[in-house]
Amino acid sequence: LDAPPLLPTLLKGLVWRSRTTENGLRRVNYYVQHLIIDGEGGFAKATEWLCDFEEPKVMCDSVVALVTDTVWSQVVFHNFLFGKAWFLFTLMVFCVGQSILTRHGEEEDITTSQEQLLIVFSLRAFIYVFAMGAMIRHHVALVWRCFKQKDVTWYKYFPVPNYLWSWQEFLGFLLTLNLIMMLCLEPVLHCINAASDDLFSQACKEGQSVKFIYSLFSSVGIVLFALLLTDLSVLSTRVSAFVLVCRRVLSELFICIGASAFLVVTFTFAVCALEQGDENFDGLGRSMLHLVQLTLGMVAGDDNDILQDFPALLVAALIYMIASSVFLLNMLVAQLTCAYQATYDDMVGYARLNRGRIIVETVPSVSTKRWERFVNHLELDQPIEFGEGDIGLAGGIQVLEPASLNITTVDMIKRYGGTTSPAAQWPVEESTNHDEMDKFEHLEKVVEKALKRMAKITKGGGATSGASGFGSSMAGASNLDSSSHSQSDSL
């Protein structure tokens, strides 16, 4: 955008609202043809420019909201949902193969049948071939494009592609690495050469040696899948706004966690330096664990009775509880409240900004046939009415809004009598004697003259008798009233 201050005026000029209402509804015409369609019939760049501007209040403007909602509901929604449906199906397959059908323990060979082992291996093979394969192809293409276009950031001697600054792409990259590690640690592959009657067994010595590490990567994979699934919040502006607010206040939570960790480490060394015989504070590890349990309220009251035998340890525990449970937790609540209030006004704008970015990214994948059908459905080349039987201009979308939403008392259309020929000269608007500012200035001068006249009358009345003074005052008042009436008539 070359002139951001002019943007509100431009958007306001694209809206026409009727002065009259029908059945409690008002006609509103949004002339948004060039915000949706470019000169070649494709998707206009206006939405992309507005997203790059990154101003949430602009995204909440009625014109921009109409454009994004129209393109989202009639074009982008189906493509976006189809892509996320595949991702959701992949997550379900991953959870079934890693959590539901998997059994851990020494009785695995007894409780797991050959058919179940085959199903688990098939589900995992599906993840490795289709999900991991698609992710590797996606990230290799992006990395190659970034290096080819020199779109990288150097950290000392390591180039980092800039596309990883997007949290979705970064989590997707971590998930790809996680799946590669899972493939390398797959217990079934480690048990292929083992002499066993079960073809897909994981109970061999080699498989058991890597099974715990494999389970850790499996748990991390489920978490990464779930985090990437939060993109579905864009389906609802309200839910998307809530998710965005949660992301913005996470920094306050991490600060509180860091302060709590500092207190735990400090008091751990402090209580270990005391001369005391409490088993709960025997060593650094047990002391740290017990302090964390005290903060989270996981310690029963009877377990703290022994602190009465060690006054110094009791005082240290009380100071720690006050600092962690009372001060830090209340400080966290205050910080979260302030952070939420600071982002509340703009959270819907940021949600719409997120939806706008998804629209810009998804529209290129829409087929030409579907886009042409959408453009024809809008009928932007047909004139829309200003009122019943009053044909207006083309290139807009008409909606009905409640009459009380945007009260309009002045007709926004200036009408002139005469011929409608384009060759005729445009009528010259008759100028009035006084505009609004001139009227106020004229009224101010009238008041000043009246005050001066009243001052003269008051001085003259003091030198004469009461009757004559009274008569002159009445005369002056009548003259003032007549003058005021004449000035009012002139206004």
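Everything quoted here is computed from the prediction, not taken from an experiment. (Residues numbered from 1 in each chain as written. Predicted model: local features only at pLDDT ≥ 70, side-chain atom pairs only at ≥ 80, totals over all residues. Heavy atoms only, no water.)

Caption draft 1: Up close: the packing of helix H11 (residues 237-273) against helix H12 (residues 284-296). At a closest axis distance of 9 Å, the pairing of H11 and H12 adopts a crossing angle of 130°. With respect to H12, the element H11 is oriented oblique. Judged by the twist between their axes, the crossing of H11 over H12 is right-handed. Only Leu284, Ser287, Met288, Leu291 and Val292 of H12 make contact with H11, whose side of the interface consists of Val264, Val265, Phe267, Thr268, Phe269, Val271 and Cys272. Residue classes in the contact of H11 with H12 are distributed as 10 nonpolar, 2 polar and no charged. (Axes fitted to C-alpha atoms, helices over the stretch in contact; angles between N-to-C directions. Helix = DSSP H or I, 4+ residues; strand = E, 2+ residues; numbered from the N terminus. Parallel < 35°, antiparallel > 145°, perpendicular 65-115°, else oblique. Left-handed = near helix turned anticlockwise from the far one by under 90°. Contact = heavy atoms within 4.5 Å. Nonpolar A, V, L, I, M, F, W, Y, C, P; charged D, E, K, R; others polar.)

Caption draft 2: The arrangement of the packing of aromatic side chains in detail. According to the stated counting rule, one finds 13 aromatic pairs in the structure shown. Relative to Phe89, the ring of Trp86 has its centre 6.2 Å away and its plane inclined at 35°; by these criteria the two rings are tilted. Of this pair, Trp86 and Phe89 both sit in helix H5 (residues 62-100), 3 residues apart, which is roughly one turn of that helix. Owing to a relative accessible area of 40%, Phe89 belongs among the partly exposed residues under this scheme. In textbook terms, an aromatic cluster arises when at least three aromatic residues are bridged by ring pairs, as seen for Trp86, Phe89, Phe126 and Phe130. (Phe/Tyr/Trp six-rings, centres within 6.5 Å; stacked < 30°, edge-to-face > 60°. Buried < 20%, exposed > 50% of the residue type's maximum accessible area, 1.4 Å probe, protein only.)

Caption draft 3: Here's a closer look at a positive patch on the surface. Residues Lys445, Lys449, Lys452, Arg453 and Lys456 make up a contiguous surface patch of positive charge. Structurally, the position occupied by Lys456 is in helix H16 (residues 436-463). A relative accessible area of 64% means that Lys456 is categorised as exposed. (Patch = residues over 30% accessible without salt bridge, like charges linked within 9 Å, V, L, I, M, F, W, Y side chains within 5 Å. Areas by Shrake-Rupley, 256 points an atom, 1.4 Å probe, with all protein chains shown as cover. Salt bridge = Lys/Arg side-chain N within 4 Å of Asp/Glu carboxyl O. Lys, Arg positive; Asp, Glu negative; His and termini not counted. Charge placed at Lys NZ, Arg CZ, Asp CG, Glu CD.)

Caption draft 4: A look at the state of the cysteines. Enumeration over the complete set of coordinates arrives at 1 disulfide. Note that Cys191 is cross-linked by a disulfide to Cys204, the S-S spacing being 1.8 Å. Of note, the bridge from Cys191 to Cys204 carries an S-S torsion of about -85° and is left-handed in sense. Of the two residues, Cys191 sits in the loop between helix H9 (187-190) and helix H10 (205-228) while Cys204 sits in the loop between H9 and H10, which places them 13 residues apart along the sequence. (Disulfide = S-S within 2.5 Å.)

Caption draft 5: The nonpolar core, seen in detail. Membership of the largest hydrophobic core comes to 35 residues, with the highest contact counts inside it found for Ile36, Val71, Val76 and Phe374. Residue assignment for this core shows that the elements contributing at least two residues are helix H1 (7-13), strand E2 (25-30), helix H3 (46-53), helix H4 (56-59), H5, helix H14 (347-362) and helix H15 (368-378). For this core, the leading source of residues is H5, giving 9 residues. The contacts of Val71, once residues within four sequence positions are left out, are Ile36, Phe43, Val76, Ile359, Val363 and Phe374. Core analysis: the second largest hydrophobic core is formed by 21 residues, Tyr128, Leu175, Leu224 and Leu228 among them. (Core = buried A, V, L, I, M, F, W, Y, C linked by side-chain atoms within 4.5 Å.)

Caption draft 6: Structural view of H14. For H14, which comprises 16 residues, the first-to-last C-alpha distance of 23 Å matches the rise-based estimate of 22 Å (1.5 Å per residue) to within 8%. Taken residue by residue, H14 has Met347, Gly349, Ala351, Arg352, Leu353, Asn354, Arg355, Gly356, Ile358, Ile359 and Thr362 as its buried positions. (Expected span 1.5 Å × (residues − 1).)

Caption draft 7: Geometry of the sheet that holds E2. The antiparallel open sheet is built from 3 strands, whose spatial order is E1-E2-E7. Strands with a single pairing partner mark the edges of an open sheet, and in this sheet they are strand E1 (15-22) and strand E7 (397-402). Pairs of neighbouring strands in the sheet enclose a mean axial angle of 25°, with direction left out of account. In terms of strand pairing, E2 meets E7 through 6 bridges, oriented antiparallel. Each bridged residue has a counterpart across the sheet, and for Arg27 the counterpart in E7 is Leu400. (Pairing = 2+ DSSP bridges.)

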